[in-house]
Every structure is written in structure tokens, then in C-alpha cells.
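One-letter residues, chain by chain:
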There are 2 protein chains.
Amino acid sequence: MGERFGVRYRIFAATQQEAEVRAEGIALEQTVEIPRDCVPPGYIEDTILGQVISVVPESEGAYFAEITYSMDAVGNGFTQLLNVIFGNSSIQMGIKLVGFTPCAALTEQFPGAGFGAKGIRALTGRKTGGFVCPVIKPMGSSSERLAELAYLSARAGADIIKEDHGLANQPLAPFVERVVAIEKAVSRANMERAEEGDTTRALYFANLCPGAFDLRNKAMFAQEAGADGVIIMPGISGFDAINALTRDPDFALPIMAHPSHLGPFVLSPETGYSHAMMFGTLMRLAGADISVFPNVGGRFGFSLGECASIASACGEPGGYGVEILPSPGGGMSVQRMAEMVEIYGDDCVYLLGGALLRYGDRIGDGIREMRVALSGKFT
Amino acid sequence: MGERFGVRYRIFAATQQEAEVRAEGIALEQTVEIPRDCVPPGYIEDTILGQVISVVPESEGAYFAEITYSMDAVGNGFTQLLNVIFGNSSIQMGIKLVGFTPCAALTEQFPGAGFGAKGIRALTGRKTGGFVCPVIKPMGSSSERLAELAYLSARAGADIIKEDHGLANQPLAPFVERVVAIEKAVSRANMERAEEGDTTRALYFANLCPGAFDLRNKAMFAQEAGADGVIIMPGISGFDAINALTRDPDFALPIMAHPSHLGPFVLSPETGYSHAMMFGTLMRLAGADISVFPNVGGRFGFSLGECASIASACGEPGGYGVEILPSPGGGMSVQRMAEMVEIYGDDCVYLLGGALLRYGDRIGDGIREMRVALSGKFT
């Protein structure tokens, strides 16, 4: 009780003094949300009110402010943690959340990822090298067709079979039917791989796209149906969807986070989170095991530096909880694999979506070519 | 099935041709998410793929693109609706979602607000004039102290007693204890008002700040405890938290939406939603009865035009579902009331937070002054 954790903001201001005023404003806004002279002395002023620890110049017109908050402000909820670190301040221009320093009480309550990079590697049985992850799509396909693509991909040696994040509960591939069909297809491929002496297996990640009332039901259904993991879009379902599942004693599958609807949180330099904070630290904090993000050079505009910072925030040993796997997607191709491996290395889930669809029923060839390219034997 | 609804995007592009290419890119990205030449002919190409209806110049470097999507892409989930209208495209710069045209199948599935402006007016019994809405805070206060402030405010004639969005499950005011205490306090004040012949009553809105698993439990608890409404932060809990409660046959309270953590969705001109779309249309679509947003001239930077556009999107008779109430907050004061009434008129929930705290135990005086100012007898 009363332990404090730290949040680092980049504040845009013309002078040190202005930056300090803004920092004090954040400390008020995120906690008591009343004018400074109205803050009751004692517990509220000493403990609940945010404390500005330091304000230091970063670059021309930008300052780093370190503010600490009490666990008493958070209570026991992950939703309230987000509310405290960035709730109303997210609505003010010129404030970017760029860092987080937990305290023991916080890490005890929010343990982070249940599997992480090592756990995923163990589940696949792939001892070294990057993970090959085809995305099964397009939306509008029948469950049967999606299962067929999943089978062919798994049979060809894919490590993770990821459903497209757009597969929800469409007429031709309703959730229950689809998950059962794809799970069976991947299981069959895994059995055949095992019979051939392959010691690795494909993990099937089901996309939940849950409503506010059926997250747990959908997650438990996927688990009981034999899926190996689930996909959550925190930009749509909220970050606590990940945290709640991670902490659920009855749920024991890894979680892949997809960035859908999260763009505005990182695209502007003057608001939101830094790329590393959003797709690295925050994902680890919520408990995601794999963090999907748009790859440099694809149809999204993330820079090489931004992507590298995400990968580093995911894989950093000193970060929140266990190390997790970055998963760049979008604009990935067999031809670009060598370049990708340079950036992301082995502890990375390499997504391949649209480019793979070009192979049609020869999708297995695409998987095999990707594996070769990943292992560096391609160039 | 297969009915289509429309979404309007503002696309930043140098030429008409570039804008058209980008629009086609959105139509692909938001549905099949594969290259155009890989889209299977027939159902997927004809129905599932987004259809660009028009791309017209708006202003220098900006175009309006109208794209329609099939209900088959949405299936039956509100989360998937958001995923389809803006999921991955939210991660591309230069695309702003500015308009929405529903189809009958969509309005049937997502009915909008259960109470709206008229319903709230009926519940309060206040036949004319704006609604006075004190915000009970600060975080860190005991349940007893918060209940006392709620009683004094309700007793003085407040229409809505809103809990601060930062009240979650803190040690000195845990959720269950707090909701029971404040409800009792507001009930007592309402009884005393009724005894004096007052035909209006104060509505108590409880802040849920639910986790991903306990939204329904918390909402039902608040209802059973006698609260008159609940507060949801869609930026933290997801928009479906509002939609799911609105559609729950056992839940019959109005919902107030709070903008915490939503800032990045509107602050940048080049990404996210327009102010009117986010705090007006999207709130109506989700089913909120009251939409809180930062008022012009306060400590947030919303312009007069942006605030007016929100109020108009909330109150427009032709908009989604029933008309709802805009609720500007932040920087509101008795002194500014006349100006505020000019902008927002009578069908508006006027939030008063920090400024009210200055009154201390004389908070009732603040409520009465605000009522006088609202009714135009002040200036």
C-alpha cells in the first residue's frame, strides 16, 4: 500500500519553467483533478497526488518529466492503472508517455506475460531461429477454406498459424465452427509432422474479437477446442482483456496482441505513447506474449528506428515481466527476409500475410521458402 | 444480410489520383487485407471487399472518400464493427474518420442510446433548462466524505451527481462501499427535496472503471444498489462496454461516457476521428446517453468549433438512434455559464468539478449559483 511507481512523459514546452508547470499539471490531472490550492493536506496531498520527481531538457522544445504515483491511486485494477498514467492527460497536446518504472506492489499484482519468448519457443519445439507465422485469410472465406490454408501452412513447417484479425463471427466462418475446423486442420498437420520425426509443431492462435461480455467464454472455448493461443486487439477490447486472461487461473494459453485501432496512440509526435512504450512495455505490462506491429517498409509508415525500438522493448531482459516476442507484419516478403533478420534476429515472430496468399494452394511452398530465407540459406 | 453501410474518411493526398489509390487501399485494408489481384472473385470480391463510392476534393491536399462495407464483414459484433471501420487504417497517417451512414440491419443490431436526452430529462423531472452536474472528488477521499459532498450537492438542487472518473476501487473508498454510501446520500437528499414539493430529483451516476471480466457485475451491482446511471470510459474499457450494457435486457440505467484515454483519437488532424464523430456519432452508435468531452477554454485545447460540432452531433435529430446529451467539462465555472449556455443551450449536462471544490462544505452554494447562472438570471 502506498508504494510508488514512475511514469516518464515527454513534454513539449518552450522553457524549463513552462515544462515544470505542465508537469505539475499532469500530476494533478491524473490524480486529484482539482486546482492545486484545493488539494486537502495530509493523505491526499502526500500520497494520492502525483509527485514530480524531475523535469530535464531532452531536445529543443522538449523535456522529460518523471512523475510518481501511489498504488493507492490505482487500487487493484489494470483499467485504473491506465486511467492514472494517461487518462485525461491523453487529451492534452504536447504530452507523450515514453517510460514506465514499476514498483514491487505493481509487478506483484500485474505479473506480465505468462509464456514470453522462452515459453513460445518451448511450445513450438523450435530450438533456434525465427518463427514463421502465416496469417490465414481473407475475411469472407469459408471455415473449410481457412482450415485448408491452415493445414497446408502447418504441414509445410509453419511455427504459428495466426488467424487474420478481421476474422470475427462472419456468416461463412462463424467463430465456433471456424475455431474447431482450423484447430483440427492444424492438429492433423502436427500429427503428420510428428510421424515424420519433426520435433517442432505449429501453434494455432485463434482471433477472439470478443464483445465486452464474452471475452472469457470465447477464450475458454478456444482453449477447450484445442487452440494453442489467442489473439486480442487491445485497441478495441481494452488492454485489460489481455491482463485479465493472463491472470485467469483457468486459462493457460499464450496471448498475441494485435495493433488494430491503436494507430492514433503512436502516430502523432505530440500525443499518445512512444512506439516502444505502446508495442513493447505496455504489452509486457498487460501480459501479451507476442506483440504484433506494422513493419518498416510496408504499407504503414513506421521507421526503422521505431521498429527497432519496439523489438528492443519487447526483448529487453530488464523490462517488465519476462521478455516477449516482437511480431512485425505488413509488407513482409520472402525477398525481404534477410533484411528483416538483420533487424529483428531470431526471437521474433515473422508474419506473412498478403504476400503468401499469392501462392494460392501452393502456400506451403511460400512457408518453406520463408524458412530457408529466415535461416539465412536463401541469399 | 449483405446490406451495406457507409464510412466517410478525410484522406490527405496531393492529387485526386493519389486520393483514389489511398481510398482503394482502405477498402482492401479494412476487409480482405490482401493485394487487390489476390482477391478471390465472387462473394469475397463482390460483397466482403469494401467499395469506394466516391472520392471528392475537400480542401487543399484533402479529399473525402466514401466507402461502403457489408454487414457480412461485421458479423454480429460491435467490436468487429470498429475493427472494420478503422482497425488497421488507424495505423496509417493521413486518414481521418469523419462520417458514418448506417444501414437498417446495423441500426437494428445496435439500437443506440436507451434513454437519450428526453429520457434523462424525464428521469430528472426537470422540464426545461440545462442540467447541473457536479463532479464528486477528489480521489483519495473516504466514501463518507464523497457521500457528504454528494448529499450537499443533491440537496442544493443538482440534476446529476457524477462521480469523478478517477474513483475506482481505492483503499479509502472501495467500489462497493462507495456506491452504497453515495446512493444513500443522494436518496436522502431526493427525499428531502420531494418533501419540500420539489418535482425534480438528482440522478446518481456511479463510475464503474470495470475490468474486462467484471463489467456486468459492477453495472448490476450499481443498479441493485439504487444508482441512477453508470459512467464508462470507452477509451479504457472499449466501446463495446457501452453497447453491451445498452443491449443487456437486465440492465436499465442510462450510461455516461467519459473521454479518458481517448485523446489521441482526436488530437492530431492527420489520424483518428473527427471530434464530432468520436464524441457525437460514435457515442450515439455505442449507446451512450451522455457524452462528456473537454470544454473550450479550459485546460484542454478543444476549439469552439470542435465543441460546437460535438454538441451538434450529439443533439442532431437525424443522427444515430435517439438524440443524446453533450456534457462539456473542464474549465467550467459559474462565471462562464452565460457563455456556455450560448454555445450549448438547454439540452446539455454542465459539468462542474474543480471550481466547485473551492466551495468546500458550502458546495451547495456553488450548485445554486450555477443554477441561477444557467437559467440566465445571473448576468
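Everything here concerns the structure above.
For clarity, every value in this text was computed on a predicted model and none was experimentally measured.

**Q** I would appreciate a short explanation of the pattern of salt bridges in the present structure.
**A** Side chains that differ in charge, positive against negative, can pair when their charged atoms come close. Enumeration according to the criterion identifies 47 salt bridges over all chains in this entry. A salt bridge links Arg8 of chain A to Glu66 of chain A, with the shortest nitrogen-to-oxygen separation between them at 3.2 Å. Linking Arg8 of chain A in strand E1 (residues 4-12) with Glu66 of chain A in strand E3 (residues 62-70), this pair joins segments that are 58 residues apart in sequence. For the salt bridge of Arg145 of chain B with Asp361 of chain B, the shortest nitrogen-to-oxygen distance reads 2.8 Å.

**Q** What is the right way to read the sheet that holds strand E9 (residues 255-257) of chain B from this model?
**A** Strand pairing in a sheet is mediated by backbone hydrogen bonds. Such pairs are either parallel or antiparallel. All names here are of chain B. Strand order in the open sheet formed by 8 strands is E11-E10-E9-E8-E7-E6-E5-E12, with parallel pairing between adjacent strands. With one partner strand each, in any of the chains shown, strand E11 (325-329) and strand E12 (349-352) form the two edges of the open sheet. The mean angle between the axes of side-by-side strands here comes to 25°, regardless of whether they run parallel or antiparallel. Pairing geometry for E9 and strand E10 (residues 290-294), over 2 bridges, is parallel. Within the sheet, the bridge partner assigned to Met256 lies in E10 and is Ile290. Against the sheet, helix H17 (residues 363-374) contacts strand E5 (131-136) and E12, and its axis sits at roughly 150° relative to E5.

**Q** Is there a simple way to explain the packing of aromatic side chains in this structure?
**A** Two numbers describe a pair of aromatic rings. These are the distance of the centres and the angle of the planes. The tally for this structure, following the rule as stated, stands at 19 aromatic pairs over all chains. An aromatic cluster is present here, built from Phe86, Phe265 and Tyr273 of chain A together with Phe86, Phe265 and Tyr273 of chain B joined pairwise through their rings. Sitting over the face of the ring of Phe64 of chain A, Arg8 of chain A holds its NZ or CZ atom 4.5 Å from the ring centroid.

**Q** What is the right way to look at helix H1 (residues 16-29) of chain A in this model?
**A** Helical geometry note: an α-helix holds 3.6 residues per turn, so side chains three or four residues apart project in the same direction. All names here are of chain A. Counted at 1.5 Å a residue, the expected span for H1 with its 14 residues is 20 Å, and the 20 Å between its end C-alpha atoms agrees. Among the residues of H1, Ala19, Ala23, Ile26, Ala27, Leu28 and Glu29 are the ones counted as buried. Turning to H1, the residues buried within the fold contact E1, strand E2 (51-59), E3 and strand E4 (95-101).

**Q** Mind showing me how you'd approach the environment of Ile232 of chain B here?
**A** All names here are of chain B. With respect to the secondary-structure elements, Ile232 resides in strand E8 (residues 229-232). Taking the relative accessible area as the measure of exposure, Ile232 reaches 0% and is therefore buried. In sequence terms Ile232 and Phe265 are 33 residues apart; their C-alpha atoms lie 17 Å from each other. Ignoring any residue separated from it by four or fewer positions in sequence, one finds Ile232 in contact with Leu208, Leu215, Ala241, Ile242, Leu245, Ile255, Met256, Ala257 and His258.

**Q** What should I look at first to understand the side chain of Thr200 of chain B in this one?
**A** Residues and elements named next belong to chain B. Here Thr200 shows up in the loop between helix H8 (175-195) and strand E7 (203-207). Here Thr200 falls in the buried class, since its relative accessible area comes to 10%. Engagement of the side chain of Thr200 in a polar contact is seen with the side chain of Arg193, the distance being 2.8 Å.

**Q** Got a minute to help me understand the interface of chain B and chain A in this structure?
**A** Size of an interface, as often reported, equals the accessible area lost when the parts are brought together. Between chain B and chain A, the contact holds 80 residues from the first and 80 residues from the second. A buried area of about 6,500 Å², summed over both sides, lies between chain B and chain A, and 64% of it is on carbon and sulfur atoms. For Arg299 of chain B, the salt bridge identified is with Glu29 of chain A, shortest N-O distance 2.5 Å. Put simply, chain B and chain A have 36 residue pairs in polar contact (both at pLDDT 80 or more) between them. When residues of the side of chain B that touches chain A are traced back to their parent elements, those giving at least two are helix H2 (43-48), helix H3 (71-74), helix H4 (78-86), helix H9 (215-225), helix H10 (234-237), helix H11 (240-247), helix H12 (264-267) and helix H16 (354-357) of chain B. The biggest single contributor to the side of chain B that touches chain A is H4 of chain B, with 6 residues. Among the residues forming the side of chain B that touches chain A, the class breakdown is 41 nonpolar, 28 polar and 11 charged.

**Q** What should I look at first to understand the relation of the copies chain B and chain A in this one?
**A** Between the two copies of this chain, the relationship is a rotation about some axis together with a displacement along it. Least-squares fitting of chain B to chain A yields an RMSD of 0.0 Å, with the superposition described by an axial translation of 0.0 Å and a rotation of 180°. Seen this way, the second copy is the image of the first under a two-fold rotation axis. Most of the interface of chain B is mirrored in chain A, where 100% of its interface residues again form contacts.

**Q** Explanation requested: the state of the cysteines in the structure shown.
**A** A disulfide bridge is the covalent bond that connects two cysteines by way of their sulfur atoms. Applying the stated criterion across every chain, the model contains 0 disulfides over all chains. Its sulfur unpaired, Cys209 of chain B is 18 Å from the next cysteine sulfur, which belongs to Cys103 of chain A. Between Cys307 of chain B, a free cysteine, and Cys348 of chain B, which holds the nearest cysteine sulfur, the sulfur-to-sulfur gap is 10 Å.

**Q** I'm lost on unusual backbone geometry in this one. Help?
**A** Residues apart from glycine generally show negative phi values, whereas peptide bonds are mostly found in trans. Across the junction of Lys137 of chain A and Pro138 of chain A, the peptide omega takes the value 5°, indicating a cis bond. Here Pro138 of chain A lies in the loop between strand E5 (131-136) and helix H7 (143-155). Of note in the backbone geometry, Glu33 of chain B takes a positive phi value of approximately 50° without being a glycine. Tracing the backbone through its elements, the reader meets Glu33 of chain B in the loop between helix H1 (16-29) and H2. Positive phi values are uncommon outside glycine, yet His261 of chain B reaches one of about 70°. Within the secondary structure layout, His261 of chain B lies in the loop between E9 and H12. Taking the relative accessible area as the measure of exposure, His261 of chain B reaches 1% and is therefore buried.

**Q** I keep staring at the sheet that holds strand E2 (residues 51-59) of chain B and nothing clicks. Help me out?
**A** Residue and element names in this part refer to chain B. In space, the 4 strands of this open sheet follow the order E2-E3-E1-E4, with antiparallel pairing throughout. Looking along the sheet, the strands with just one partner apiece sit at the ends: E2 and strand E4 (95-101). On average, each strand axis in the sheet is inclined to that of its neighbour by 25°, with strand direction left out of account. Relative to strand E3 (residues 62-70), E2 is paired through 7 bridges, and the arrangement is antiparallel. Within E3, the residue paired with Gln51 across the bridge is Thr68.

The rules behind each value
- Residues numbered from 1 in each chain as written.
- Chains lettered and ligands numbered in written order.
- Predicted model: local features only at pLDDT ≥ 70, side-chain atom pairs only at ≥ 80, totals over all residues.
- Heavy atoms only, no water.
- Salt bridge = Lys/Arg side-chain N within 4 Å of Asp/Glu carboxyl O.
- Helix = DSSP H or I, 4+ residues; strand = E, 2+ residues; numbered from the N terminus.
- Pairing = 2+ DSSP bridges.
- Axes fitted to C-alpha atoms, helices over the stretch in contact; angles between N-to-C directions.
- Contact = heavy atoms within 4.5 Å.
- Phe/Tyr/Trp six-rings, centres within 6.5 Å; stacked < 30°, edge-to-face > 60°.
- Lys NZ or Arg CZ within 6 Å of the ring centre and 35° of its normal.
- Expected span 1.5 Å × (residues − 1).
- Buried < 20%, exposed > 50% of the residue type's maximum accessible area, 1.4 Å probe, protein only.
- Polar contact = N/O pair within 3.5 Å; in protein donor to acceptor, adjacent residues only side chain to side chain.
- Buried area = accessible area lost by both parts, 1.4 Å probe.
- Nonpolar A, V, L, I, M, F, W, Y, C, P; charged D, E, K, R; others polar.
- Least-squares fit on C-alpha atoms with pLDDT ≥ 70 in both.
- Disulfide = S-S within 2.5 Å.

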